Amino acid sequence: MVNLTLCKLCQTASALTLNNLQRSVKSVSEQNFRYSIKLMLTAGRGGNGYDRINGIGGNGGDIVIMSSWKVNSLLRLERRFRNRIVEAPSGKDSSILHVVVPPADNKIIKVPPGVDIHDAKDRFLIGTLEKDLDRIVVVKGGEGGCLKNQFIGQPGETREIQLTLKLIGDFGFVGFPNAGKSTLLRVISRATPKVADYAFTTLNPNIGVVEYPNSSIKIKCTDLPGLVEGAHQNVGLGHEFLRHIERTKFLLFIIDASGFQYSPDKPYRTALETLLLLNREVELYASHLIDKPCYIVVTKLDTKDAKLKYKEFLIALRDLLGSGVESLPPELRPIRFILFQDIVPISSHSGLNIAYLKQRLKDLLRDSQYRYEKIIERQNSLIGIVDSKLSMIVDNKS
């Protein structure tokens, strides 16, 4: 009966797989992520003075780099300054009507917190912007024309810089509270995050390093603060969680096989609904984050009925990928689906598939060096991944 059902499922035409998958791959291959960008900065030239009346020209504008929590990517700089050139306004000349001219406005470039600013030529660290509203004047505007410079406005400073968003991990754990994120981090690394049966045990990112025998490879995993429905609107820890996602290369969507209920007054969510909610919260905060390569990790396979729930999750996910998301209620309906590379069922307590998961982390880190089209060709499709996991259950391989 199960095999017959699988055959029917495999024959289902996928409205989502080819078109949406191609769009997702295209958007990834267009490099939706920016961890580093070079900019050529030229501060404003000072305005000329008026020697007959000792008029003083306006100073040129400085270029200031400022951090802001409202900015979550360096990508916007690439789009804003496509030629990578940034210029500040020049000062105005002195005149009979304006003898002493005020300085020109500064040019402010906003970046996410956690950005290093280096001189692109000698790699000298100019400074680091860690907190909201930190700012550094990188190039100063030229002095306005006055007696000491013979009333000739001076050129502004010019400098090529490199902005680098400091990563806090290779993999970021994305999930609701009590999904098993902290426990998983303890099992695969030497980290010791706080673990308990209540929401928000993780208030700040916990970082663990996954090491491999007879290998120099070390993978940094980050247990991010748990989120709740409405996180993109800053509900719960909201933006405190979501802004960290930008600073990881890959994502692990951590799903409790038995589903999730935040509190007695909140609706119970199945494993699939949990995944859809996480998908939606991330993309509503910043849509380009959905294109990060990721795995789905289904946890707590050692609990009662968990394996049955896992199988139901796979079948429901397979049906959804085949029929599309249009029938879903608005609060669950993603605009685009995450481009997952694998689904891994685990038990942190029994050790089920932990070794396999660690190997898959290494695989994705290696595969990221190639174009994602090659990964998709090998995996065939999102539906193909789910089908392979279902067949493993039928064959008693998982």
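Conventions and cut-offs
Residues numbered from 1 in each chain as written. Predicted model: local features only at pLDDT ≥ 70, side-chain atom pairs only at ≥ 80, totals over all residues. Heavy atoms only, no water. Axes fitted to C-alpha atoms, helices over the stretch in contact; angles between N-to-C directions. Helix = DSSP H or I, 4+ residues; strand = E, 2+ residues; numbered from the N terminus. Parallel < 35°, antiparallel > 145°, perpendicular 65-115°, else oblique. Contact = heavy atoms within 4.5 Å. Expected span 1.5 Å × (residues − 1). Buried < 20%, exposed > 50% of the residue type's maximum accessible area, 1.4 Å probe, protein only. Pairing = 2+ DSSP bridges. pLDDT = per-residue confidence, 0-100. Core = buried A, V, L, I, M, F, W, Y, C linked by side-chain atoms within 4.5 Å.

Another aspect to go through is the packing of helix α6 (residues 271-285) against helix α7 (residues 306-323). Remark: α6 packs on α7, axes separated minimally by 8 Å, with the N-to-C direction vectors making an angle of 55°. Of the possible angle classes, the one that applies to α6 and α7 is oblique. The residues of α7 that touch α6, namely those facing A271, L272, L275 and L276, are F313, A316, L317 and L320.

What follows covers helix α8 (residues 354-367). For α8, which comprises 14 residues, the first-to-last C-alpha distance of 20 Å matches the rise-based estimate of 20 Å (1.5 Å per residue) to within 8%. For α8, the complete set of buried residues consists of I354, L357, R360, L361, K362, D363, L364, L365 and D367.

With that settled, the discussion passes to the sheet that holds strand β1 (residues 36-42). In spatial order, the strands read β3-β1-β8-β5-β6; together these five strands make up an open sheet with mixed pairing. If you trace the sheet from one side to the other, it starts and ends with β3 (85-87) and β6 (125-129), each paired once. Each strand of the sheet is rotated relative to its neighbour by a mean of 25°, with strand direction disregarded.

The pairing of strands in a sheet comes from backbone hydrogen bonds and takes either a parallel or an antiparallel form. Spatially, three strands are ordered β4-β2-β7 in an open sheet, and the strand pairing comes out mixed. The open sheet terminates on both sides in strands that have one partner only, identified here as β4 (107-111) and β7 (135-139). Here the average twist between neighbouring strands, direction ignored, is 25°. Note: strand β2 (residues 63-67) against β7, four bridges, orientation antiparallel. Residue pairing in the sheet places I65 in a bridge with I136 of β7.

Residues at a pLDDT of 70 or more form 79% of the protein chain, whose mean pLDDT is 82. Counting contacts from residues 231-238, a segment whose pLDDT is below 50, to residues more than four positions away or on other chains yields 22 contacts.

Turning our eyes to something else, we now look at the pairing of strand β5 (residues 115-119). Of all the five residues making up β5, five are buried; the element is thus mostly covered by neighbouring parts of the structure. Two successive antiparallel strands, β5 and β6, enclose a turn made up of five residues, where R123 displays a positive phi of approximately 65°.

Every regular strand shows the same layout, with side chains that alternate between the two sheet faces. Note: β5 against β6, four bridges, orientation antiparallel. Its bridge partner being in β6, I117 is matched across the sheet by G127.

Tracing the backbone shows L77 in helix α3 (residues 75-80). Among the residues examined, L77 registers a relative accessible area of 2% and is labelled buried. For the pair L77 and K110, spaced 33 residues apart in sequence, the C-alpha separation works out to 8.5 Å. Those residues in contact with L77 that sit more than four places away from it in its chain are I37, L39, I109, K110, V111 and L163.

This next bit is on the side chain of D256. Inspection of the secondary structure assignment puts D256 in strand β12 (residues 248-256). Excluding residues within four positions of it along the chain, D256 makes contact with N178, A271, T299 and K300.

Residues I296, F313, L317, F337, I338, F340 and I343 are the most contacted members of the largest nonpolar core, which totals 46 residues. The element best represented in this core is α6, accounting for eight residues. In terms of nonpolar packing, the next biggest core, distinct from the first, is built from 23 residues, I188, A191, C221 and F250 among them.

Here we come to unusual backbone geometry. With phi around 75°, L133 is a residue other than glycine that occupies positive phi space. With respect to the element layout, L133 can be found in the loop between β6 and β7. The exposed category is assigned to L133, whose relative accessible area is 53%. The phi dihedral of N353 falls on the positive side, at around 65°, and the residue is not glycine. Following the sequence through the fold, N353 ends up in the loop between β14 (340-345) and α8.

In this model α6 runs 21 Å from its N-terminal to its C-terminal C-alpha over 15 residues, within 8% of the 21 Å that 1.5 Å per residue would give. Among the 15 residues that make up α6, twelve are buried, leaving the element largely enclosed by the rest of the structure. Listed as buried for α6 are A271, L272, T274, L275, L276, L277, L278, N279, E281, V282, E283 and Y285.

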